[in-house]
Amino acid sequence: MKLMIASDLHGSKYYVERLMDRYREEAPDRLALLGDILYHGPRNALPREYDTRAVADMLNSLVPAPLCVKGNCDGEVDQMVLHFPVLAETAVLYVDDRTIFLTHGHRREELVPLLSPGDILISGHTHIPGMQKEDGILYVNPGSVSLPKSVDPRSYLILEDGQLLWKGVETGTVWKREDLG
Ligand SMILES: [Mn+2]
């Protein structure tokens, strides 16, 4: 199973077009989106080529439909233009005997009682890609597709064959790799 994970698109037509380029190259089994899909959010500057309708059209065209959880910038009005469910707080996947929790990240602490060693929690929200291990639990962040808040590139994540790969959304270049063992 090859999973492509992206977060914090924030309505950028330009960078979601790049994400769609990478999606075609990667040909994952499914794209998982960790929220903050359309609205730029009052705390952020407008991203490059802010165009919520164009972003909705691109995401609505995907087959299979993306698996998506709700960001703090996503609401009922966003669900009206997106043809796949976007308002669930959490999704749980079982991949190769591992339990993987997907959530946006602004309410991440609420999930902690569910987690046990070996589990992976993947969340966005901070727009800072990275990974940390705590009490045997792996906390993973794919970064933001459009509005990075660190020096790292705009990024997405690939989970395949027991490996996590962080890649730049403009080039597809791997810049961080983690073996899940
Ligand atoms: Mn965000």
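Bear in mind that the values here come from a model prediction, so they are computed numbers and not experimental data. (Residues numbered from 1 in each chain as written. Predicted model: local features only at pLDDT ≥ 70, side-chain atom pairs only at ≥ 80, totals over all residues.)

> For this particular structure, what's the right way to read the sheet that holds strand β9 (residues 155-160)?
Across a sheet, paired strands are connected by hydrogen bonds in the backbone, their directions being either parallel or antiparallel. Here 6 strands make up an open sheet; going across it, the order is β3-β2-β1-β9-β10-β11 and the pairing mixed. Two strands bound the open sheet, and with one partner strand each, they are β3 (67-68) and β11 (174-179). Sheet topology note: the strand β2 (residues 30-33)/β3 ladder contains 2 bridges and is parallel. In the strand pairing of β3, L33 is matched with C68. (Pairing = 2+ DSSP bridges. Helix = DSSP H or I, 4+ residues; strand = E, 2+ residues; numbered from the N terminus.)

> Looking at this model, I keep getting lost on the sheet that holds strand β6 (residues 120-123). Mind explaining?
If you trace the 5 strands from one edge of the open sheet to the other, you get β4-β5-β6-β8-β7, paired in mixed fashion. Edge positions in the sheet fall to β4 (90-95) and β7 (130-134), since each of these pairs with one other strand and no more. Averaged over all neighbouring strand pairs, the angle between strand axes comes to 20 degrees, with direction disregarded. Sheet analysis places β6 next to strand β8 (residues 137-141), joined by 3 bridges and oriented parallel. The partner of I120 across the bridge, within β8, is L138. (Axes fitted to C-alpha atoms, helices over the stretch in contact; angles between N-to-C directions.)

> Teacher, can you tell me more about the environment of L38 here?
Along the chain, L38 falls in the loop between β2 and α2 (52-60). The sequence separation of L38 and C73 amounts to 35 residues, and the corresponding C-alpha distance is 7.9 Å.

> How should I be thinking about the pairing of strand β5 (residues 98-103) in this particular structure?
With 6 bridges connecting them, β4 and β5 associate as antiparallel partners. The residue bridging V95 from the neighbouring strand is R98, located in β5. Hairpin connection between β4 and β5: a loop of 2 residues separates the two successive antiparallel strands, and D96 in this loop has a positive phi of roughly 50 degrees. Pairing of β5 with β6, which is carried by 4 bridges, proceeds in the parallel orientation. Each residue of the ladder has a partner; that of I100, found in β6, is I120.

Geometry only, nothing functional implied.
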